[in-house]
Amino acid sequence: MVGIFRALGVAAIVAALAGCIDHANEPVLLAIGVPVNPPEVANSLCVTDGNAMYDEARKQYQLRAQLTGYAQADALDAETTARAAAHRQYVACISGQGYRPLYAN
């Protein structure tokens, strides 16, 4: 009996904390044509693609820095390049899913 109440308590806490997740930086997805997936699924897929592109862009930046002999690569430039690549990948992916991202700012 105690296990049931404990499980219900954990479920209630998880539900309460789920409302605390920050969605302020997520874009509003405007459907263009006939979307392939629902907005939540498309956003999740494309965020994953963007994250993979971020990692790859950071790795490529470090490799280019080593090839050119610039061992102390600029961290700010590497971050800017990786973020831009991730954003381009996200926008390309979300467009392929049939959405246009609209940002608040």
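Up top is the structure these notes are about.
Sequence positions are assigned chain by chain, starting from 1 and proceeding in written order. In keeping with the predicted nature of the model, local features appear solely for residues at pLDDT of at least 70, side-chain atom pairs appear and are counted solely at 80 or more, and the whole-chain, interface and lining totals rest on all residues. With hydrogens and water set aside, each side-chain value is computed from the structure's full complement of heavy atoms.

### Focus: the environment of Arg 100
Numbering goes from the N terminus for both helices and strands, where a helix is a DSSP run of H or I of at least four residues and a strand is a run of E of at least two. Of note, Arg 100 is situated in strand S2 (residues 99-102). Once residues lying within four places of it in the same chain are set aside, the contact partners of Arg 100 are Val 28, Leu 29, Leu 30 and Ile 32. Note on contacts: a residue pair is in contact if any heavy atoms of the two residues lie within 4.5 Å.

### A short note on the nonpolar core
Residues grouped as a nonpolar core are buried Ala, Val, Leu, Ile, Met, Phe, Trp, Tyr and Cys residues, joined through side-chain atoms within 4.5 Å. A simple rule labels every residue: compare its accessible area, found with a 1.4 Å probe on the protein chains alone, to the largest value its type can have, and call it buried under 20%, exposed over 50%, or partly exposed in between. The biggest cluster of nonpolar side chains holds 7 residues, and these are Leu 29, Ala 42, Cys 46, Tyr 90, Cys 93, Ile 94 and Tyr 99. At the level of elements, helix H2 (39-67) and helix H3 (75-96) are the ones that each hand at least two residues to this core. Here this core takes 3 residues from H3, the largest share from any one element. The contact partners of Cys 93, leaving out residues within four places of it in the chain, are Cys 46 and Asp 49.

### Focus on a nonpolar patch on the surface
Two joining distances apply to patches: 9 Å for like charges and 5 Å for nonpolar side chains (Val, Leu, Ile, Met, Phe, Trp, Tyr), and every residue must have over 30% relative accessible area and no salt bridge. The Shrake-Rupley method, run with a 1.4 Å probe, gives the accessible areas here. Residue values count only the displayed protein chains as cover. Each salt bridge in this description consists of a side-chain nitrogen of Lys or Arg and a carboxyl oxygen of Asp or Glu lying within 4 Å of one another. A cluster of nonpolar residues, Met 1, Ile 4, Phe 5 and Leu 8, forms a patch on the protein surface that exposes about 510 Å² of accessible area. Here Ile 4 is to be found in helix H1 (residues 2-18). Its relative accessible area of 53% is what places Ile 4 among the exposed residues.

### So, the environment of Asp 49
Its location among the elements puts Asp 49 in helix H2. The class for Asp 49 is partly exposed, based on a relative accessible area of 34%. Separated by 45 residues in sequence, Asp 49 and Ile 94 place their C-alpha atoms 9.9 Å apart. Setting aside anything within four residues of it in sequence, one finds Asp 49 in contact with Gln 89 and Cys 93.

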